[in-house]
Amino acid sequence: MNEPLSLEEYKKMDLLRFTTAGSVDDGKSTLIGRLLYDSKSIFEDQYDAIKETSERRGEEGVNLALLTDGLKAEREQGITIDVAYRYFSTPKRKFIIADTPGHIQYTRNMVTGASTANLALILIDARNGIVEQTKRHAFIASLLQIPHLVVCINKMDLVDYGQEVYEKIKDEFSGFAAKLDVNDIHFVPVSALKGDNVVEKSDAMPWYEGGTLLYYLENVHIGSDHNLIDCRLPVQFVIRPYKDEFHDYRGYAGRIAGGIFKKGDEVMTLPSGFTTKIKAIDTFDGEVNEAFPPMSVTILLEDDIDISRGDMIVRKNNIPETSQDIEVMVCWFTDTPLQLRGKYTILHTTSEARCVVKDIRYKMDINTLHRNVDDKVIGMNDIARVVLRTTKPLFFDEYRKNRITGSIIFIDEGTNRTVGAGMII
Amino acid sequence: MNYHLNHLKELESESIFIIREIAAQFEKPVLMFSGGKDSILMTYLAQKAFYPARIPFPLLHVDTGHNFPETIAFRDQLMEKLGVKLLVGSVQEAIDKGLVTEETGFNASRNGLQTAALLEALETHQFDAALGGARRDEEKARAKERFFSHRDEFGQWDPKNQRPELWNLFNGKKHMGEHFRVFPISNWTELDVWQYIAMENIELPNLYLAHKRMVFNRNGVYLADSEFINRKPDEVLEEKMVRFRTIGDMTCTGASLSEADTLEKIVEEVATTRITERGGRADDKRSETSMEDRKKKGYF
């Protein structure tokens, strides 16, 4: 696995971001430890350090969970408090794991980890089957529109590697998932502790004909995870070199949020509504003919139009919705409840505005998916549908169509803290 | 055509986005430059982010006075090439002013003292964002770090109470006197950095390439002979073929035995190595949570 690759081979590797979620003690940290260990991404000194700590604490074997729990408080309490990012790679892909705590009061971390993920890995303890947390995680994966879901039914060694246990959980999960908005679900029976079906195929479960977890992670198709249809470039920064050789240079820098922009394309700038053409797409490495997500580029336009940060460059015949009245699904992150008629600063693409909460439509019970229209106290970790009025028009797409142009965060104007995340409906 | 970026291009694009975001959201950012490969990569990415304009913020080097001479020479050349302003925060000055007290003994290091010099420099110049080249794969406390990491008026980090970071929406709002540390290459691993340096052919100090040097062995780590470090009687100098995987102070940066004298060979070596790059850093070995403890106080 660690045969050195040539530089040309490195250039063919791509990047998969996935998030892990699990309840306390269903072996999430052990699974990640196993992925890192069996793919030889753990270094000897790291291994020696956790081995020593495990021995000092009188634990049996090497506690792979210690690899991911980095903060002092986490090690002391034996729980994961905050999202930890972990990295490993195989010759095919580089992986970024957002390892999020499964504990109930830390749902906000799970939403955070999920926001940038291509894939969600959900763990179920084979002995316990689907629990409240499992549903919560699956719902969040669906709400955050993670394109791929892989469900690991773990601790198969403790249920004698029984196929019936696996099939029963699989059926039950599929039934629940049918009520959600997820298209691509994959199941793998594993034992993170023993290593069955994580990196190596298990001999103990001949009835399972699918690939290992790692095989799936390496091969799942992520080429169409970005929106390549609706051209959107939120202007991030205006580049003006003030150098003699670039006297009239005025470049609109940003990261493509959707679609494929081409040199010569007729484009419209928002909010002005002016149309012009793309003169060039510039980068440090020279001009390119096309730009697509998630490239960071600089666009030069034929005409001199007044554009600044927060504006958006789009295709003339495919413009986003423009409105000051938006409806969002919000996940609340703080002890102080969301205030009806409260005012918050919001960030959306590269734009900043203020909003007032005009209505709270319902609170979501994420265990039953029931919409509760009577309980409108939206506290920490609650998910609700709300109506906002913004101080200026936003240029947005439905979150389902575009995760970049469809998302906002709420900032408390007193504390400056990020207090909520919203997905535009 | 395949509309899909490879992992290095995706990381590059993410970092450029963050660097541009800093220029847009903050009034007075500064790039912390150590002379190591990660901060050289940072200046390279910043150059890409604002091309053809110059990098719109100065660089700050916290000089412990115990740097490798090669680091300083390389730094000065690079600043001239980039045409950016370099500010130097001096640990020696902080010691002379009595802000900090120098450690003594065989393992004396100025590493911890950098924090005082750094905070002093940030305060003097009123910087509201300091960009650093720290990576999450380096160390377990850094694995918990945000891209935009809030620091209170004392420069402290509160790891248990961090702002959640979602999508590509970065909240850089702060009160007077507070500042942010921003880490645009958070998601890069050591191997990514080397692959990228080789792919883009980025110039580095020759300390990173294998060369002959007088070293001695202390607790299993090879340290370079220098005037800043006291050898114990049983520590004998020997000439070895070595290179440095990270570059910090001469007092605490271990050399590794290596024959890798080209970028390609380094990529190959890093891909097959079984020891983390900070494994040779004496400053991390002081205790299991030494990085977290230093970071809480305002270290990089």
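This text follows the structure it describes.
Residues numbered from 1 in each chain as written. Chains lettered and ligands numbered in written order. Predicted model: local features only at pLDDT ≥ 70, side-chain atom pairs only at ≥ 80, totals over all residues. Heavy atoms only, no water.

S.K.: Would you explain the interface of chain A and chain B in this entry?
M.R.: Listed as interface residues are 89 residues of chain A and, on the opposing side, 76 residues of chain B. In total, about 7,300 Å² of surface goes out of reach between chain A and chain B, with carbon and sulfur atoms giving 58% of it. Its largest share of buried area at the contact with chain B, chain A owes to Tyr 10, Phe 284 and Asn 416 of chain A, together 10% of the area lost on that side. Along the contact surface separating chain A from chain B lie seven salt bridges. The salt bridge involving Lys 9 of chain B is made with Asp 285 of chain A; its shortest N-O contact spans 3.8 Å. (Contact = heavy atoms within 4.5 Å. Buried area = accessible area lost by both parts, 1.4 Å probe. Salt bridge = Lys/Arg side-chain N within 4 Å of Asp/Glu carboxyl O.)

S.K.: Just checking my understanding: could you explain unusual backbone geometry for this structure?
M.R.: Most peptide bonds take the trans form, and the phi angle of most residues other than glycine is negative. All names here are of chain A. With an omega of 10°, the peptide bond between Leu 270 and Pro 271 qualifies as cis. Here Pro 271 shows up in the loop between strand E11 (266-270) and strand E12 (275-282). Note the cis peptide between Pro 293 and Pro 294, where omega equals 0°. Along the chain, Pro 294 turns up in the loop between strand E13 (290-291) and strand E14 (296-301). A positive phi angle, near 75°, is found at Asn 381, a position not held by glycine. Within the secondary structure, Asn 381 is located in the loop between strand E19 (370-372) and strand E20 (383-396). Phi at Asn 416 is positive, roughly 70°, even though this residue is not glycine. With respect to the element layout, Asn 416 can be found in the loop between strand E21 (407-411) and strand E22 (418-424). Asn 416 sits in the buried class, given a relative accessible area of 9%. (Helix = DSSP H or I, 4+ residues; strand = E, 2+ residues; numbered from the N terminus. Buried < 20%, exposed > 50% of the residue type's maximum accessible area, 1.4 Å probe, protein only.)

S.K.: Hey, could you run me through the packing of aromatic side chains in this one?
M.R.: Two aromatic rings, taken as a pair, are described by how far apart their centres are and by the angle between their planes. Under the criterion given, the structure shown has 26 aromatic pairs over all chains. Geometrically, the ring pair formed by Trp 332 of chain A and Tyr 344 of chain A is edge-to-face, given 5.4 Å between the ring centres and 75° between the ring planes. Residue Trp 332 of chain A is found in strand E16 (residues 321-332), and its partner Tyr 344 of chain A is found in strand E17 (residues 343-348); the two are separated by twelve residues along the sequence. Residue classification places Trp 332 of chain A among the buried residues on the basis of a relative accessible area of 1%. The exposure class of Tyr 344 of chain A is buried, given its relative accessible area of 5%. Taken together, Phe 246, Tyr 249 and Phe 284 of chain A together with Tyr 44, Tyr 51, Trp 188 and Tyr 196 of chain B form an aromatic cluster joined through their ring pairs. When the ring centre of Phe 127 of chain B is taken as origin, the NZ or CZ atom of Lys 28 of chain B, which lies over that ring, is 5.3 Å away. For Arg 243 of chain B, the ring lying beneath its charged end belongs to Trp 194 of chain B, and the centroid distance is 5.5 Å. (Phe/Tyr/Trp six-rings, centres within 6.5 Å; stacked < 30°, edge-to-face > 60°. Lys NZ or Arg CZ within 6 Å of the ring centre and 35° of its normal.)

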